[in-house]
Each structure stands twice: as structure tokens, then as C-alpha cells.
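Structural description and commentary
Listed here are the chains, written in short residue letters.
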Amino acid sequence: MDNLLTKIVALTKRRGFISPGSEIYGGLANSWDFGPLGVELKNNIKNLWWERFIHKRDDVVGLDSTIIMNSKVWEASGHVKGFIDILAECKDCHNRFRMIDELQNKNKCPQCKGQLIEPRQFNIMFKTNLGPVDGDIVYLRPETAQGMFVDFKNIIDTTCQTLPFGIAQVGKAFRNEITPGNFIFRLREFEMMEIEYFVREKDWKKYFEYWRKEILDWIKEIGIDVKKIHEAEIPEGERAHYSKRTIDFEYEFPFGQKELYGLAYRTDFDLKKHEEVSGKNLKYKDSETGEEFWPHVIEPTWGVERSVLAVLCESYHEDKERVVLRLKPRLAPFKAAVFPLLANKPKLVELARKIYENLRQEIFVAWDDRGNIGKRYYSQDEIGTPWTVTIDFESLKNDDVTVRWRDSMAQIRVDIEKLPETLKKLLNNEIEFNKAGRLIKVSLK
Ligand code: GAP
């Protein structure tokens, strides 16, 4: 299985998905840059998430708050005191471990069985100063959630939301992790997609269950096999300081079963604390009864890079002659690639170019006229491009092209005129190729 990770690291580097950060200077430990294809995959995940949880719902609104906030935010939220990790170092091999998940409170080094030095506590927030000369201490946010609590009042004053409703945010978070690693699994700089869902206290169990199912549905939507997902109930003492109940959704990564996403019941902890420290009223007022109270919060949270990694692990396949990334078409960097059968036949190239220019107005497409057609197919399979469009001599006579489906390699002929519409229908999962290479309507399951 570790072999799978090695192959993914190599493929993503070779094809411009992910490469070590600051590489020309020898890199910066555990930082990774998303190249031309990686940024597309990442954005496709974020856009699908935004569409699903904000645009397609009435009860969740978006937000983009700052990364650097007034440091009182982090004092009030309990992060200055409580956002700590416990580090244990081995006296013999000097490896370092996180007490909670890597040692599970054992007192021997898991690698060499040596003695551990007395564990130490670390606050894992990054600190910096505001302004050029001895400015105030500020923190880079370790979660996006606090922006949503701090802006809670603005949002209820400017939207028509009534309970239950959510605020959603996608953005960078920073944590000075003790043991980053496993490629893009544990990073010091990463992105989160979070929702703070505000409910009445009496309803928290119902909505906790509701969001548990929503997380599982999302997992299916991005093509992850739910059989590889394990829900772990986090016991008291291991939960974050604000949580009364937490479930981790763990995925069978090649390096072990580890947290992919999380779901927490944050109670009214954050709003109450911010009201206490800021002195501003952060209560919700029921318009019918006039009752004022702090809503309780259910928080589903998704890591972007962990989504990318799980999606890559699920979609990587090898068969006899090729490597194929069976990405869900919505997530694939290119939706289609256009090839002239031969690059040295001007008539073919001219028609192919026209088709390419026309298609790219509608969907993100690649152009390739290098080498032979077989190599071009495999090159697109390796980066997950679902459909490849080939313009051949028949196309000049019949105004049609060959469309090939990545997974089965089945091919069909499509009229040039109908190509954009056909590709869009394929992308929206309205039609598909059958085994005989015919287009058929997707049957509703
Ligand atoms: N606001 C809740 C919160 O921050 P979390 O479980 O600490 O919860 C949320 O983080 C999600 O962010 C995790 O489920 C995981 O997907 C991702 N995540 C957390 N730490 C990470 C890290 N160091 N590198 C990459 N992703 C991380």
C-alpha cells in the first residue's frame, strides 16, 4: 500500500499536479505546491463543495473572513490556552511523536522501543507581529470557524436566515504541526471547507445525525468508496476543548486508517465566549417569541488536501498497458482532450483546432498533437481526462469525430455539431457509453 503512495507522489510530480514547495532552494520540509493540474483538481473539489452546500441550499450562506484576526478572537475561543499538542521525543533515536494519535498514550518509542523524554506541550498556532516595529502579536488562523462566529451578528442582520441555518467558509489554515508528513496528509499550511450550522439546543442530536449523513453523501459524490470509511467516536479527553461530541471520518490511506473529515457538536461555547470577551450581544432573537439565546452549533469540516489525497488514492489504477486516474469527471482537471489524428496534415489540424477553440468556450479542454495517437490517449488517461476527441479523415467527409471514454476505452462517433452538447450531457451524467460503444441515457438508480 505504501507503494501506492510512492506511485501517486511520482505521478503527481511528473504530470504537474503536486511538487515540493521551494524546490529550487532544496525545498521546505512538508510544503507542497499545486501545479497546473493540481490546482484544477483542488478547485474542482472546492467548487463542487460550494455548489452543493451553498448554492443548492437555502439555509447556508458563504463567508470569506481574514486569516489574521484580532488576537482577542483566539483568547476568547480558547485557542491561546488550549490549542496544544503534546510532543514526546525518544531519548535514543530522537524521533518525535504526537502523544494522542501516534503514541496513544504509550510510554515507549514506537520505532526503537527506547525511552521517551518527559512529554512537552506546544501551542501549535503560528505567531507573528502586526506592523514593522514590535507590533502586536497576532496569529495565523488554525481554523476558519472563528471568522464565522465573529461575523455571526453581521450575517443575521444582513440575510433573512432563521434557525436552523449555516455559515460556510473555504480557506487557508495554519498549524505548527509537530509531525507533518505523509505527503499532503499533515501539512502546516492547508485549506479547510467548514460549516457552522446554528440550531436550537434541543435539536442538536437531530442535526448532528443529519450532517453525519451529508458527509457520507459527499464522500460518495467525490468517488470515495464508503467501505473504506470508518467513523471513530472521539472519547472525552481527546476531543477539542470546545466539543461535546466529535466523530472523525477515517479513510484507509496507504499509510493507515486516518482522519479524513470531522463532525463536532460545539454547543454554544464560541458565541457565548465571544459575547463575554467582546461585550457585544451575539444572541439570536426569535422573531415570533422575542426570545433571545445563543444558538448551538454543529460543525462538519472537510480538509481540502486530504480530499485531494483520498481522491487520488481511490482513482489510481494500473492495467497491463496504462496508468489511469479514474477521477469523477466533475473533478478531472481537463474534461476532454482534442487530437488531430496526424499533426502533419493541415486540413485535419485546421478542423481539430476549430473544434478545440469552440469547445473551450464551454468546458476546460486540452490540445495534444504530439507523438502517436496511442501515446496521447495514455497520456490523458494518466491525468484522468474523461473523454478524448479525435479528428480523422472521416471527420473531413462526414462532419463527425471519435469520442473515447477513458475507463472502458470504448469509442463512438459524434456529429461535430452535437459535440459540445454531448460532452456536457456526459459530464452531467445524463448519458453514458454502454459496453458496445453506444450513447445511452443514464438509468436512474
Ligand atoms: N474547526 C474544526 C477543526 O479545525 P480539525 O479536525 O482540527 O477541526 C478539520 O480540522 C479538518 O482539517 C480535518 O478533518 C482534516 O481534514 C483537515 N486537517 C486538519 N489538520 C490538518 C493538517 N495539519 N494538514 C492537512 N489537513 C488538516
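Shown above is the structure to which this text applies.
Overview of the structure. (Residues numbered from 1 in each chain as written. Predicted model: local features only at pLDDT ≥ 70, side-chain atom pairs only at ≥ 80, totals over all residues. Heavy atoms only, no water.)

**A closer look at the pattern of salt bridges**
What counts is decided by this rule: Criterion for a salt bridge: a side-chain nitrogen of Lys or Arg within 4 Å of a carboxyl oxygen of Asp or Glu. Strands here are runs of E lasting at least two residues and helices are runs of H or I lasting at least four, both read from the DSSP assignment and numbered beginning at the N terminus. Burial classes: relative accessible area under 20% of the type maximum marks a residue as buried, over 50% as exposed, and values in between as partly exposed (1.4 Å probe, protein chains only).
In the structure shown here, the tally under the stated rule is 45 salt bridges. The partner of arginine 413 in a salt bridge is aspartate 392, and the shortest N-O contact between them spans 2.8 Å. Of this pair, arginine 413 sits in strand β24 (residues 411–415) while aspartate 392 sits in the loop between β22 (387–391) and α13 (393–398); the two residues are 21 residues apart in sequence, bridging distant segments of the chain. For arginine 413, a relative accessible area of 35% corresponds to the partly exposed category. The class of aspartate 392 is buried, set by a relative accessible area of 13%. Residues joined in a network through salt bridges with shared partners are Arg52, Arg57, Asp59, Glu214 and Glu221.

**Thoughts on the packing of aromatic side chains**
Worth spelling out the cut-off: Planes of paired rings set the category: under 30 degrees apart is stacked, over 60 is edge-to-face and the rest tilted, where pairs are Phe, Tyr or Trp rings (Trp by its six-membered ring) whose centres lie within 6.5 Å. A positively charged side chain is recorded as over a ring if its NZ (Lys) or CZ (Arg) lies within 6 Å of the ring centre. The angle to the ring normal must also be within 35 degrees.
Throughout the structure, instances matching the rule amount to 27 aromatic pairs. Ring centres of phenylalanine 253 and phenylalanine 255 lie 5.3 Å apart, and the angle between their planes is 5 degrees; on these two criteria the pair is classed as stacked. Members of the aromatic cluster, joined through ring pairs, are Trp49, Trp50, Phe53, Tyr197, Tyr207, Tyr210, Trp211, Trp218, Tyr261 and Trp302. Note that arginine 404 overlies the ring of tyrosine 377, its terminal NZ or CZ placed 4.3 Å from the centroid.

**Quick look at the environment of phenylalanine 97**
Filter applied, for reference: Residue contacts follow a heavy-atom distance rule, with two residues in contact if any of their heavy atoms lie within 4.5 Å.
The topology assignment puts phenylalanine 97 in strand β6 (residues 96–98). Aside from chain neighbours lying at most four places away, what touches phenylalanine 97 is Ile86, Leu87, Ala88, Glu102, Leu103, Cys109, Pro110, Gln111, Leu116 and Thr179.

**So, the site of the ligand**
So the rule is basically this: Nearness is defined per residue: one heavy atom within 4 Å of the molecule or strand is enough. The definition of a polar contact used here is a pair of N or O atoms within 3.5 Å, where within protein one atom must be able to donate a hydrogen and the other to accept one, and adjacent residues in sequence count solely through side-chain atom pairs. Gly is put with the polar residues, along with every residue not named as nonpolar or charged; the nonpolar set is Ala, Val, Leu, Ile, Met, Phe, Trp, Tyr, Cys and Pro, and the charged set is Asp, Glu, Lys and Arg.
With respect to spatial proximity, 19 residues lie near the ligand, and among them Glu143, Leu187, Glu194, Glu259 and Leu260 are the closest. For the ligand, an oxygen atom lies 2.8 Å from a polar atom in the side chain of arginine 175. Of all elements in the fold, only β11 (189–199), β14 (256–267) and β17 (296–303) reach the threshold of two or more residues within the shell around the ligand. Looking at the shell around the ligand residue by residue, the classes come out as 7 nonpolar, 3 polar and 9 charged.

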